[in-house]
Amino acid sequence: MIGKYKQLVVTLILFIFPFSFYTAKAEAKTDPRIPKNKIVALVYDDSGSMWEQSGAGGKRPIDNWKYANYALQSFTALLEKQDQLKVVYMSSPTVANPIELDERLRQHEIDQIRAWQGKKNTPLASLHTAINELNKAAENNRNSDFWLIVLTDGIFNELNHLDPSIPTTQIDADKKALFSSLQDLKAKVEKNGTSIHTTLIPIETYLNPEELSIMADFKQQWKESSGGLVLESKGQLDIIQRINEVAALMTNRDPDEQEQFDLNPVWEGNQLVLKSPFPLRRITLLEQSPEENASFQMKEFYMNNERIEKGMEGPFKVKTPDDPAQLNPPIRGTFTHFKNVNGDGVIEKGTYKIVFDKKLTKEQQKNIEVVAEPAIDFKIGFQKINSNGSLTKDSSVFFKGSKMRVETTLLKSDSSDEEIDIRDIDVGSLFEVEAKIGQNNLPLKYDRKLNKFIGEFTITNNEKIPVNVKVNIKGFYQQEKDTSLQALPTRKLSLVANTDAWRAPLDKLDQAQPLVITPMVNGEEMTSEELKKIMNHLKIESPGNIKIDTKQKGNQIYIYPKSLSPIFRTSVGEVPLHITLQGQYPNEVAEGTFTLTIEDISIFKKYGKDIIKALILLALIAYLIGIIIKPRFDKNRISIEYKQSRKREKLREARVMTENFHTSWVQRWLVPYLAEKKRISDLVFKADRKKDRVLLVKESQYADLIVRHEKLLDRSKKADIAIYHNDEIQIERSNSYLVYTFKSH
């Protein structure tokens, strides 16, 4: 028997449990939080149709009421003591029954729920009563999470088009009033910065086609007015399955997901050891047994080897009410909660021990299920990626075209901004984090260094961009938050000149006042700090020939037109300047065309100085060429040996003297073009371009001069004569004889 009950009980509890810890889709805030308590208004259908079905053969009993009653008991057992629960029974539609959740009184409340035996109809007033209760609660509970849950198996009496006594106009008016009040409640709660969750669970098994049509219209308006969840049920055991699906969807888990995160339970004697890499809000042990009372008790709770006094709540016992028709066996369950009552109330990640009064048998261990409630939240942040790779959180620079980074950081629930360090966890196998930015899905990757999930994107428009981020820890936790990113339109940059008529004479350009340009941002002057950042992006183009110097002074650009050299190369007349300044953010460009008027000058002023300079330059070049090409003696290679005697026959015995071709420094290096000359006794020699010879100048020649053993005779004074190595020059006079011999080494 126990195996049969166990699967049913587990299914039901897994349906109910997420209601106690689900953190719904919320608006992301600067200081994210998880609401401290939940305020729940539950409309409970205890009409006769939950007990019996009418048909051609009469009425026959059904047990929808029994499973609905058990679900309400379990829901009560799972809420926390700071939560608030009010139940509106349709048999008493104007009364919201408060359910006491104090640990000392809760079991009594559960027993009272099990004993409830109402059997009436389905009035619309019950839903109005629940909405009014939440409206009143919203005025004084701005840090709560609000829930409206409606469980019914039929259409509301006042909305029944099949009843001829109810005018269609009255039905439409009642419907409009109901959904308007639901919309007003949603707006009121969300204005306070919290959220409301509406869930409709219709049991449609026994509705006829006309009633199904009426219910379909009601479900559609339920979704549209409150963004609520609708899950149809076939009744009886399918109620459990549908509510389990609700719970899975509300926690953003796949109802068919097989892989569930657990706390790795290990039995060590009379202790159950659990481990979690994440902080928890609460641990619940569910005992499933066909017996009325468990044969064991839980005594102590340890968190990381620290005993938590008063850390246990319960046990709370639930059971399907007695069924007169005895259609199905009863279901029983026991809930025991474990909490950290110290500090911020969070069960820190680590190892936990639950101590029993005795060692449990294998069968008893199988009857225990462990369910963990995560203490996890997250915050969403945006940063702009600057062109140099740095980041900024300044939202005033989130312009269209900006490259952005979205960041998601896990936080410990109920903390101000305490991050959860997951660097030691296998993030890849456990986490799925995705952002939807506008219409684009962006998977976020974990950055172990930053301990954040990050993704990069580009702002493509200048509107308010909706952003939805989903964080999923497979089989354990999933939450999504909505926020928005206000993208700013690209700033309009412009350039304004200090004058509309800048002019200067051509020869006074270097002394002229600058053209002053003031960059503007959306009609206001740009700051000097911003201009300094983008000054290197300044670009000036002109079709004319002119030199431009620029300088930043404060928040202005000083433009100095300069003449070219030579000055006549500079354009005159109207010279346009096209100025482009790239902004520091994407798609920001300031452009402008400004005209410089350069007045022409006289021809002499324009060309005179440069012509003189050109002539001087040419003369200098000619002089340098003359210095370079002038023939010079190779004084280290050549010389003249000469002998002198009064008698010809004595010349051979005469002493040989040597004369070098040394000249003055001025003659050698400063006089251009003219060949270097050297006088040796009565003869003058001149340097030749070829270094192995010299020239006997014609001025030193006469007819009786003997060169290379021949008299010159009529060849004298006609041209310079080349003198080579060992050539002799003889001079015969009446009283002396001289012989000159040229040496080239």
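Note that the structure is a prediction, hence the values are computed from the model and not measured. (Residues numbered from 1 in each chain as written. Predicted model: local features only at pLDDT ≥ 70, side-chain atom pairs only at ≥ 80, totals over all residues. Heavy atoms only, no water.)

Engineer: Teacher, can you tell me more about the overall build of the protein here?
Structural biologist: Assigned secondary structure in the protein consists of 12 helices and 46 strands. Split into buried and exposed, the 745 residues of the protein put 50% on the buried side. A sequence separation of at least 24 residues applies to 69% of the contacts in the protein between residues at least 6 apart. Taken as a whole, the protein presents about 37,100 Å² of accessible surface, with 49% of it coming from carbon and sulfur. (Helix = DSSP H or I, 4+ residues; strand = E, 2+ residues; numbered from the N terminus. Buried < 20%, exposed > 50% of the residue type's maximum accessible area, 1.4 Å probe, protein only. Contact = heavy atoms within 4.5 Å. Areas by Shrake-Rupley, 256 points an atom, 1.4 Å probe, with all protein chains shown as cover.)

Engineer: Could you clarify how one ought to interpret the environment of Tyr89 in this entry?
Structural biologist: Note that Tyr89 resides in strand 5 (residues 84-89). With relative accessibility at 5%, the residue Tyr89 sits in the buried group. Along the chain, Tyr89 and Thr122 lie 33 residues apart, while their C-alpha atoms are 9.5 Å from each other. Apart from residues no more than four positions distant in its own chain, Tyr89 is found in contact with Tyr44, Asp46, Leu72, Val95, Asn97, Ile113 and Trp116.

Engineer: Explain the sheet that holds strand 20 (residues 391-392) here, please?
Structural biologist: Paired through their backbone hydrogen bonds, the strands of a sheet run either parallel or antiparallel. Ordered by their spatial adjacency, 5 strands build an open sheet running 20-19-21-25-24, and the pairing between neighbours is antiparallel. Lying at the two open borders of the sheet, with one neighbouring strand each, are strand 20 and strand 24 (445-447). With 6 bridges joining them, strand 21 (residues 403-412) and strand 25 (residues 452-458) adopt antiparallel strand pairing. Residue pairing for strand 25: Lys403 is matched across the bridge by Thr458. (Pairing = 2+ DSSP bridges.)

Engineer: For this particular structure, what's the right way to read helix 5 (residues 168-191)?
Structural biologist: Every α-helix carries 3.6 residues per turn, so stepping three or four residues along brings you back to the same face. Here helix 5 spans 34 Å end to end across 24 residues, near enough to the 34 Å set by a 1.5 Å rise per residue. What helix 5 keeps buried is the set Ile171, Lys175, Leu178, Phe179, Ser181, Leu182, Leu185 and Val189. On its buried face, helix 5 sits against helix 4 (125-140), strand 7 (144-152), strand 8 (196-202) and helix 6 (209-226). Of the residues flanking the end of helix 5, it is Gly193, one or two places downstream, whose phi is positive at about 90°. (Expected span 1.5 Å × (residues − 1).)

Engineer: Help me understand the pairing of strand 25, please; the structure alone is not making it clear to me.
Structural biologist: The side chains of a regular strand alternate, first on one face of the sheet and then on the other. Among the 7 residues that make up strand 25, 5 are buried, leaving the element largely enclosed by the rest of the structure. Note: strand 24 against strand 25, 3 bridges, orientation antiparallel. When the sheet's bridge partners are listed, Tyr446 is paired in strand 25 with Phe453. Between the end of strand 24 and the start of strand 25, which pair antiparallel, lie 4 residues, with Asn451 showing a positive phi angle near 60°.

Engineer: Just to check I follow, could you spell out the nonpolar core for this structure?
Structural biologist: One broad trend across soluble globular proteins is that nonpolar side chains are buried collectively. If you look at the biggest cluster of nonpolar residues, it comprises 55 residues, and the most contacted ones within it are Ile283, Ile422 and Phe431. Ile283 has contacts with Leu263, Leu274, Phe301, Thr336, His337, Phe338, Ile347, Tyr352, Val370 and Val371, leaving out every residue within four places of it along the chain. Ala137, Leu148, Ile155 and Leu159 belong to the second-largest nonpolar core, a separate cluster that totals 34 residues. (Core = buried A, V, L, I, M, F, W, Y, C linked by side-chain atoms within 4.5 Å.)

Engineer: Help me out: how do you make sense of the sheet that holds strand 38 (residues 657-660) in this one?
Structural biologist: Strand order in the open sheet made by the 6 strands is 38-37-46-45-42-43, with antiparallel pairing throughout. Of all strands in the sheet, those bounded by a partner on one side alone are strand 38 and strand 43 (710-711). Sheet topology note: the strand 42 (residues 706-707)/strand 43 ladder contains 2 bridges and is antiparallel. Considered in strand 43, the bridge of Val707 is made with Glu710.

Engineer: So what exactly am I meant to see when it comes to unusual backbone geometry here?
Structural biologist: As a rule of thumb, non-glycine residues mostly have phi less than zero, and peptide bonds are mostly trans rather than cis. Cis peptide bonds are those with omega within 30 degrees of zero, and the linkage from Gly314 to Pro315 qualifies with 0°. Looking at the secondary structure, you find Pro315 in strand 15 (residues 312-319). Note the cis peptide between Ser565 and Pro566, where omega equals 0°. Tracing the sequence through the fold places Pro566 in the loop between strand 34 (556-562) and strand 35 (573-582). Look at His709: it is not a glycine, yet its phi comes out positive at around 70°. Position of His709 among the secondary structure elements: in the loop between strand 42 and strand 43. Of the residues examined, His709 reaches a relative accessible area of 60% and is grouped as exposed.

Engineer: Could you clarify how one ought to interpret the confidence of the model for the protein in this entry?
Structural biologist: Do not read the fine detail of predicted coordinates wherever pLDDT is low. Across the protein, pLDDT averages 85, with 89% of residues at or above 70. Scored below 50 in pLDDT, residues 26-35 makes 34 contacts in the model with residues more than four places away or belonging to other chains. For residues 246-258, every residue scores under 50 in pLDDT, and the model assigns this stretch 32 contacts once sequence neighbours within four places are set aside. (pLDDT = per-residue confidence, 0-100.)

Engineer: Explain the packing of helix 5 against helix 6 to me, please; I cannot follow it from the model alone.
Structural biologist: When two helices pack together, you describe them by how their axes are tilted relative to each other and by the distance separating the axes. One way to put it is that helix 5 packs onto helix 6 with a least axis distance of 9 Å and a crossing angle of 30°. By the angle between their directions, the pair helix 5 and helix 6 is classed as roughly parallel. The two elements helix 5 and helix 6 meet at a crossing, and its hand is right-handed. Facing helix 5, whose interface residues are Lys175, Leu178, Phe179, Leu182, Gln183 and Lys186, helix 6 presents Asp217, Phe218, Gln221, Trp222, Ser225 and Ser226. Residue classes in the contact of helix 5 with helix 6 are distributed as 5 nonpolar, 4 polar and 3 charged. (Axes fitted to C-alpha atoms, helices over the stretch in contact; angles between N-to-C directions. Parallel < 35°, antiparallel > 145°, perpendicular 65-115°, else oblique. Left-handed = near helix turned anticlockwise from the far one by under 90°. Nonpolar A, V, L, I, M, F, W, Y, C, P; charged D, E, K, R; others polar.)

Engineer: I keep staring at the side chain of Thr408 and nothing clicks. Help me out?
Structural biologist: By secondary structure assignment, the location of Thr408 is in strand 21. For Thr408, a relative accessible area of 0% translates into the label buried. In this structure, Thr408 is in contact with Phe378, Lys379, Val433, Leu444, Lys452, Phe453, Val469 and Val471, ignoring residues within four places of it in sequence.

Engineer: Sorry if this is basic, but what is going on with the pairing of strand 22 (residues 431-437) here?
Structural biologist: The alternating pattern of strand 22 places Phe431, Val433, Ala435 and Ile437 on a buried face, while none of Glu432, Glu434 and Lys436, on the opposite face, is buried. Of the strand pairs in this sheet, strand 22 and strand 26 (residues 464-473) are connected by 7 bridges, and their pairing is antiparallel. If you follow Phe431 over to strand 26, its bridge partner there is Ile473. As paired strands, strand 22 and strand 23 (residues 440-443) are joined by 4 bridges and run antiparallel to one another. Following the sheet pairing, Glu434 is matched in strand 23 by Pro443. Hairpin remark: strand 22 followed by strand 23, antiparallel, with 2 residues in the connecting loop; positive phi at Gly438, about 65°.

Engineer: Mind showing me how you'd approach helix 4 here?
Structural biologist: Helix length check: helix 4, at 16 residues, gives a terminal C-alpha distance of 24 Å against a target of 22 Å (1.5 Å per residue), a fit within 8%. Of all the positions in helix 4, only Ser126, Leu127, Thr129, Ala130, Ile131, Glu133, Leu134, Asn135, Ala137 and Ala138 are classed as buried. Lining the buried residues of helix 4 we find strand 2 (37-44), strand 5, strand 7, helix 5, strand 8 and helix 6.

Engineer: When you look at the pattern of salt bridges in this model, what are you seeing that I'm missing?
Structural biologist: Between side chains of opposite charge, a pair can form when the charged atoms approach closely. According to the stated counting rule, one finds 35 salt bridges in the structure shown. Here Arg114 makes a salt bridge to Asp111, at a shortest N to O gap of 2.6 Å. On the criterion of helical spacing, the pair formed by Arg114 and Asp111 is a turn pair, its members being 3 residues apart in helix 3 (residues 103-114). Judged by its relative accessible area of 29%, Asp111 is partly exposed. Residues Arg637 and Asp634 are paired through a salt bridge, measuring 3.7 Å at the closest nitrogen-oxygen approach. Look at Arg637 and you get partly exposed, because its relative accessible area is 32%. Each member of the salt-bridge network shares a partner with another, and the members are Glu80, Arg281, Arg282, Lys339 and Glu373. (Salt bridge = Lys/Arg side-chain N within 4 Å of Asp/Glu carboxyl O.)

Engineer: How should the packing of helix 2 (residues 64-78) against helix 3 be read in this particular structure?
Structural biologist: It is the contact of helix 2 with helix 3, at a shortest axis distance of 9 Å, that shows an interaxial angle of 170°. With respect to their mutual orientation, helix 2 and helix 3 come out roughly antiparallel. Residues Asn69, Leu72, Gln73, Thr76, Ala77 and Leu78 of helix 2 form the contact with helix 3, whose own contacting residues are Arg106, Ile110, Ile113 and Arg114. Tallied by class, residues from the contact of helix 2 with helix 3 come to 5 nonpolar, 3 polar and 2 charged.

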